Amino acid sequence: MTLRIRLGRVDKFSKKNYHSRIVVVDSRKARDGRHIEVLGYYDPTKQPALLKVNLERADYWIKSGAKASDTVASLIKKAKQKSSE
């Protein structure tokens, strides 16, 4: 089983007004399918964008072999920069 850390949509009914959860899933599952763990959320529609990530759990999953998508990797990087300030 290959694990991925990626975005999962929360609001299925609106294309422009949405927010996403940062989740750990099996890479073969659908975007909105069953997830293993929720690590945080991201809402780009707010000003400024809302981002909350459990960095300890994200590091745990990455050390366990999960691969983050490009978008989630950049969000984790932003969250780490924000927490170090």
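Since we're looking at a predicted model, the values are computed, not measured.

Let's talk about the pattern of salt bridges
Overall, the coordinates contain 3 salt bridges when judged by the stated rule. Between Arg28 and Asp26 there is a salt bridge, and its shortest N-O distance comes to 2.9 Å. Among the ionic pairs, Asp59 bridges to Lys80, the shortest N-O distance being 3.2 Å. You can see Asp59 sitting in helix α1 (residues 55-63) and its partner Lys80 sitting in helix α2 (residues 70-84), a full 21 residues away along the chain.

Remarks on the pairing of strand β1 (residues 3-9)
Examined bridge by bridge, β1 and strand β2 (residues 20-26) share 7 bridges and lie antiparallel to one another. Paired with Gly8 across the two strands is Arg21, which belongs to β2. Looking at chain direction, β1 and strand β5 (residues 67-68) are connected through 2 bridges and run parallel. What sits directly across from Ile5, in β5, is Ala68.

Thoughts on the nonpolar core
Residues Ile5, Ile22, Leu39, Val53, Trp61 and Ile76 are the most contacted members of the largest nonpolar core, which totals 15 residues. Secondary structure elements with two or more residues in this core: β1, β2, β3 (37-43), α1 and α2. Broken down by element, this core gets its largest block of residues, 4 residues, from α2. In this structure Ile22 touches Ile5, Arg6, Leu7, Glu37, Val38, Leu39, Gly40, Tyr41, Leu51, Val53, Val72 and Leu75, once residues within four positions along its chain are discounted.

Remarks on the sheet that holds strand β4 (residues 50-53)
What the 5 strands build is an open sheet, ordered β4-β3-β2-β1-β5; its pairing is mixed. In this open sheet, the two edge strands, each paired with only one partner strand, are β4 and β5. Contacting β1, β2, β3 and β4, α1 runs over the sheet at an angle of about 120° to β3.

Reading the values: the criteria
Residues numbered from 1 in each chain as written. Predicted model: local features only at pLDDT ≥ 70, side-chain atom pairs only at ≥ 80, totals over all residues. Heavy atoms only, no water. Salt bridge = Lys/Arg side-chain N within 4 Å of Asp/Glu carboxyl O. Helix = DSSP H or I, 4+ residues; strand = E, 2+ residues; numbered from the N terminus. Pairing = 2+ DSSP bridges. Core = buried A, V, L, I, M, F, W, Y, C linked by side-chain atoms within 4.5 Å. Buried < 20%, exposed > 50% of the residue type's maximum accessible area, 1.4 Å probe, protein only. Contact = heavy atoms within 4.5 Å. Axes fitted to C-alpha atoms, helices over the stretch in contact; angles between N-to-C directions.

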